[in-house]
Amino acid sequence: NAGVMQNPRHLVRRRGQEARLRCSPMKGHSHVYWYRQLPEEGLKFMVYLQKENIIDESGMPKERFSAEFPKEGPSILRIQQVVRGDSAAYFCASSLEFGAKDEQFFGPGTRLTVL
Amino acid sequence: GDSVTQMEGPVTLSEEAFLTINCTYTATGYPSLFWYVQYPGEGLQLLLKATKADDKGSNKGFEATYRKETTSFHLEKGSVQVSDSAVYFCALSPAAGTALIFGKGTTLSVSS
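Rules used throughout
- Residues numbered from 1 in each chain as written.
- Chains lettered and ligands numbered in written order.
- Predicted model: local features only at pLDDT ≥ 70, side-chain atom pairs only at ≥ 80, totals over all residues.
- Heavy atoms only, no water.
- Core = buried A, V, L, I, M, F, W, Y, C linked by side-chain atoms within 4.5 Å.
- Buried < 20%, exposed > 50% of the residue type's maximum accessible area, 1.4 Å probe, protein only.
- Helix = DSSP H or I, 4+ residues; strand = E, 2+ residues; numbered from the N terminus.
- Pairing = 2+ DSSP bridges.
- Axes fitted to C-alpha atoms, helices over the stretch in contact; angles between N-to-C directions.

1. Observations regarding the nonpolar core
Counting residues in hydrophobic clusters, the biggest one holds 25 residues, and the most contacted among them are Leu 19, Trp 35, Leu 48, Phe 73, Leu 75 and Tyr 88 of chain B. Secondary-structure elements contributing two or more residues to this core are β2 (11-14), β3 (19-21), β4 (23-26), β5 (32-38), β6 (44-50), β8 (62-65), β10 (86-93) and β12 (106-111) of chain B. Of all the elements, β10 of chain B adds the most residues to this core, at 4 residues. Formed by 23 residues, the second largest nonpolar core is a distinct cluster that contains Val 32, Met 60, Phe 65 and Ile 79 of chain A.

2. A few points about the sheet that holds strand β1 (residues 5-7) of chain A
All names here are of chain A. In space, the 4 strands of this open sheet follow the order β1-β3-β8-β7, with antiparallel pairing throughout. At either end of the open sheet lies a strand with only one pairing partner, and these are β1 and β7 (65-68). Averaged over neighbouring strand pairs, the angle between their axes works out to 15° when direction is ignored. Sheet analysis places strand β3 (residues 19-24) next to strand β8 (residues 75-79), joined by 5 bridges and oriented antiparallel. Looking at β8, one finds that Arg 22 is bridged to Ile 76.

Set out below in C-alpha cells:
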C-alpha cells in the first residue's frame, strides 16, 4: 500500500511565478491536510480538505494561496506570484474518514525555493 | 488557543545514553497526543501516540505517557543509537478530524 505521495519533491521558482504542489493521499483516505514548515520552525497548519470540499482554511494566507481536492486526482496547493518568504517545505498528510482517531500519515514534502 | 511547547535543542548525546525530550501542552477538552520523527530530507513519521490520560505510547524503544495532571507527554528512551539522530516533534490533536498542532521540534544528535 503506497504511502502519501507528493510531487515534485523540489521546486524552484522565481519571484512572481506560480507554484503548484501535488499530493496523492493514501489509498482509501479522503481527508487531506496541508502544512508548511519554515526553516527552524515546526509545522504550521494551512488547510484541511475532504473530497471537493474545503473544511478548514484558517491557516491559509488570505491572498495568493489556494487549495483544492477534486473528486478525481490529487490535492493541489497553488501559490500565485510567489515571494521569497514562501520558501519552505510543504507537507501533505492524509487520514481515513473513519479510522484510528486523528492518525495522519505524512508525505515526504515538497521543498519550494523562491529565487 | 491550544499549543505545544517542547524543549529547545539541539540535544547531543553519546550512544547508549538515556534520552528525555520534554513536551507540555495547553488544550481545552481531551486532545490526542503524538510524537513524530523527521529524518534529514524526509517527511514526518508517526513515532507513537496516546489518546487519553495515563495512556502510554511506545515504539522502537521510545515511550511517552499522557499525564493530564501535569499536561505533559515527555519522550524517553533508555539507550539511544546513532540512527536515532533526527528531529522530534510533539503534537496534539484537539479532536478527531482537526489539524495537528506542533511544537517547534527538538534536534537530537547521537554520536558513537
